[in-house]
Amino acid sequence: MRRQVRIGLIGTGKMARAHGHAYLTAARFFQLPVEPRLAVVCGSRERAETLARAFGWEETATDWRCVVERADLDLIDVCTPTGSHGEIAAAAVGAGRAVLCEKPLASSGQQAEAVVRAAASAGVLGAVVFNYRYVPAIRQARDLIAAGRLGDLRHLEFHFLQDWLTDEARPMSWRLRAAQGGGVVLDLGSHLVDLVQHLVGPVGRVAAIVGRSIGERADEQGEPQPVDVEDHFQALVEVAGVPGTLAASRVASGDRCSFGFQIHGSRGSLRWDFQRLNDLELYLEDEPALQGWRRISVTRPGAHPWAEAWWGAGHGLGYEETFVHLMAAVLRRLGGEEAEIPTLEEGLRCQRVLDAMVAAARGRTWAAV
Ligand SMILES: NC(=O)c1ccc[n+]([C@@H]2O[C@H](COP(=O)([O-])OP(=O)(O)OC[C@H]3O[C@@H](n4cnc5c(N)ncnc54)[C@H](O)[C@@H]3O)[C@@H](O)[C@H]2O)c1
């Protein structure tokens with residue numbers, strides 16, 4: 001019988017559902033060395049009980065501090081608002097539990113460093129939910145870049161544009177409160193920075209403009225409250241020496257979730273767009289008579305990452321499978337097998353870039369990472 005990995009999940013919102021679903025599906029679609037058990041879900045009683053009924057969590061809890069101390073748990077999964085990630089993750093690894101933390105790892109480089117140090121001294125596994133690394137087209141893009149198919153990289157452009165805050169009547173939430181880690185730099189910025197570092201290399205320096213378009217919103221009681229976080233940024237970056245731009249917004253009218261990138265090199269280019277996440281666009285300069293962009297459906301078993309586990313060529317995957325692939329990798333690692341996971345150190349490296357971005361915007365200057 002396979003060893004069980006007993007999971008305690010903190011948080012009861014959207015990501016709690018994505019993660020619960022992913023553990024169950026990973027166990028059904030992948031050959032794993034361990035069996036994930038949904039042991040306890042923690043949050044407000046009503047929400048935790050609703051999740052327990054929907055996903056089969058064995059128990060519910062209301063205090064995360066008690067959960068991370070439980071010796072019968074192997075993995076703590078942190079799905080709370082960003083402002084609490086650093087504290088919960090550090091407590092979990094300090095208590096000797098492995099941790100899987102939603103992105104970003106913490107609210108600052110200093111906090112992230114404390115998590116990394118605590119995990120190293122406890123000798124436990126840690127990972128950050130940079131789930132877009134687990135889109136097959138993105139894994140394919142990384143392999144093409146690593147194999148040198150694009151030649152020398154010349155410049156790049158990454159963007160993550162949403163418009164859910166264009167409506168001024170939209171009420172306050174934790175995503176609009178700095179104390180809860182709510183701004184767009186930590187939120188969408190962490191995905192962009194991780195992805196550019198994963199695909200191309202470390203960000204060396206950054207200059208940025210960070211702005212807030214709407215400064216007040218009604219709270220849960222209808223009272224106006226100041227919004228103290230930014231809702232868009234534009235950044236210039238040097239990524240392993242390659243110049244580029246990163247942009248993110250929550251007020252990009254008409255763009256529900258425009259997330260994508262273009263990378264241009266001396267021998268070819270790549271483009272990817274979340275709205276067509278199974279496709280990777282590739283341009284190669286080495287066939288003069290046939291030059292032009294090609295669109296590759298990254299779904300072919302035997303040719304493309306993770307495709308064997310699913311349905312067949314041309315049958316697309318979605319957002320939720322990114323979590324399934326990531327959970328399968330984490331469970332493999334917990335079962336002693338090799339698998340690539342986004343490490344706590346990479347979470348820290350991402351956080352340092354975000355800190356530098358904010359410092360650069362404040363000082364109206366370049367900031368080194
Ligand atoms: N990887 C991704 O694609 C992705 C997508 C969305 C959100 N996220 C990240 O996931 C985290 C959670 O986001 P979400 O969309 O699930 O938010 P959400 O608002 O849907 O849910 C947050 C939940 O945490 C609960 N909560 C708050 N404080 C708690 C505490 N002390 N103990 C237990 N539960 C607590 C809230 O009641 C709520 O149910 C955020 O840090 C966010 O950045 C990642």
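Conventions adopted
Residues numbered from 1 in each chain as written. Predicted model: local features only at pLDDT ≥ 70, side-chain atom pairs only at ≥ 80, totals over all residues. Heavy atoms only, no water. Helix = DSSP H or I, 4+ residues; strand = E, 2+ residues; numbered from the N terminus. Buried < 20%, exposed > 50% of the residue type's maximum accessible area, 1.4 Å probe, protein only. Contact = heavy atoms within 4.5 Å. Pairing = 2+ DSSP bridges. Axes fitted to C-alpha atoms, helices over the stretch in contact; angles between N-to-C directions. Core = buried A, V, L, I, M, F, W, Y, C linked by side-chain atoms within 4.5 Å. Domains from an automatic or database assignment. Expected span 1.5 Å × (residues − 1). Buried area = accessible area lost by both parts, 1.4 Å probe.

(A) Just the side chain of H198, in detail. Mapped onto the elements of the fold, H198 is located in helix α7 (residues 184-199). Using a relative accessible area of 11% as the deciding quantity, one classes H198 as buried. Ignoring sequence-local partners within four residues, the contact set of H198 consists of R133, R142 and E340.

(B) Focus on the sheet that holds strand β1 (residues 3-10). Spatially, β3-β2-β1-β4-β5-β6 is the arrangement adopted by the 6 strands of the open sheet, whose pairing is parallel. Both outer strands of the open sheet, β3 (59-61) and β6 (126-129), are each paired with one neighbouring strand and no more. If you compare each strand with its neighbour and ignore which way they point, the axes differ by 25° on average. Direction of pairing for β1 relative to strand β4 (residues 75-78): parallel, over a ladder of 4 bridges. Within the sheet, the bridge partner assigned to I7 lies in β4 and is L75. Running at roughly 170° to strand β5 (residues 98-102), helix α4 (residues 85-94) makes contact with β1, β4 and β5 of the sheet.

(C) Fine view of the nonpolar core. Core analysis: the biggest nonpolar cluster contains 81 residues, and F158, L199, L246, W272 and M357 have the highest contact counts within it. When residues of this core are assigned to domains, at least three fall in each of domain 1 (3-131) and domain 2 (136-276 + 278-313 + 342-368). Ignoring sequence-local partners within four residues, the contact set of W272 consists of V135, A137, I138, F259, G260, F261, L277, D279 and L280. Core analysis: the next-biggest nonpolar cluster, separate from the first, contains 40 residues, A22, A52, V129 and M327 among them.

(D) Structural view of helix α9 (residues 344-363). Here α9 spans 28 Å end to end across 20 residues, near enough to the 28 Å set by a 1.5 Å rise per residue. Of all the residues in α9, the buried ones are L344, G347, L348, C350, Q351, V353, L354, A356, M357, A360 and A361.

(E) Region of interest: the environment of A235. Here A235 lies in strand β11 (residues 232-239). On the basis of relative accessible area, A235 is assigned to the buried category, the value being 4%. C-alpha of A235 to C-alpha of V210: the two residues are 25 residues apart in sequence and 8.3 Å apart in space. Among all residues touching A235, those that are not within four sequence positions of it are V206, A207, A208, G244, T245, L246 and M357.

(F) Highlighting the pairing of strand β14 (residues 268-273). In this sheet, β14 lies alongside strand β13 (residues 258-265) in antiparallel orientation, the contact comprising 5 bridges. Bridging from a neighbouring strand, I263 pairs with L270 of β14. The turn joining β13 and β14, which pair antiparallel and follow one another in sequence, is formed by 2 residues.

(G) Geometry of the sheet that holds strand β15 (residues 279-284). If you walk across this open sheet you meet the 9 strands as β16-β15-β14-β13-β7-β12-β11-β8-β17, and the pairing is mixed. The sheet is open, and its two edges are formed by β16 (294-297) and β17 (367-368), each paired on a single side. Here strand β7 (residues 153-161) pairs with strand β12 (residues 242-249) via 6 bridges, running parallel. Residue pairing across strands places F160 opposite A248, the latter belonging to β12. Running over the sheet, α9 touches β8 (203-211), β11, β12 and β17 and is turned about 55° from β8.

(H) Quick look at the domain arrangement of the chain. Along its sequence, the chain is organised into domain 1 (3-131) and domain 2 (136-276 + 278-313 + 342-368). Here the C-alpha centroids of domain 1 and domain 2 sit 25 Å apart. On the side of domain 2, 23 residues touch domain 1, which itself brings 26 residues to the contact. Where domain 1 abuts domain 2, roughly 2000 Å² becomes buried across the two surfaces, and 70% of that area is made up of carbon and sulfur atoms. Its largest share of buried area at the contact with domain 2, domain 1 owes to F29, K103 and F130, together 29% of the area lost on that side.

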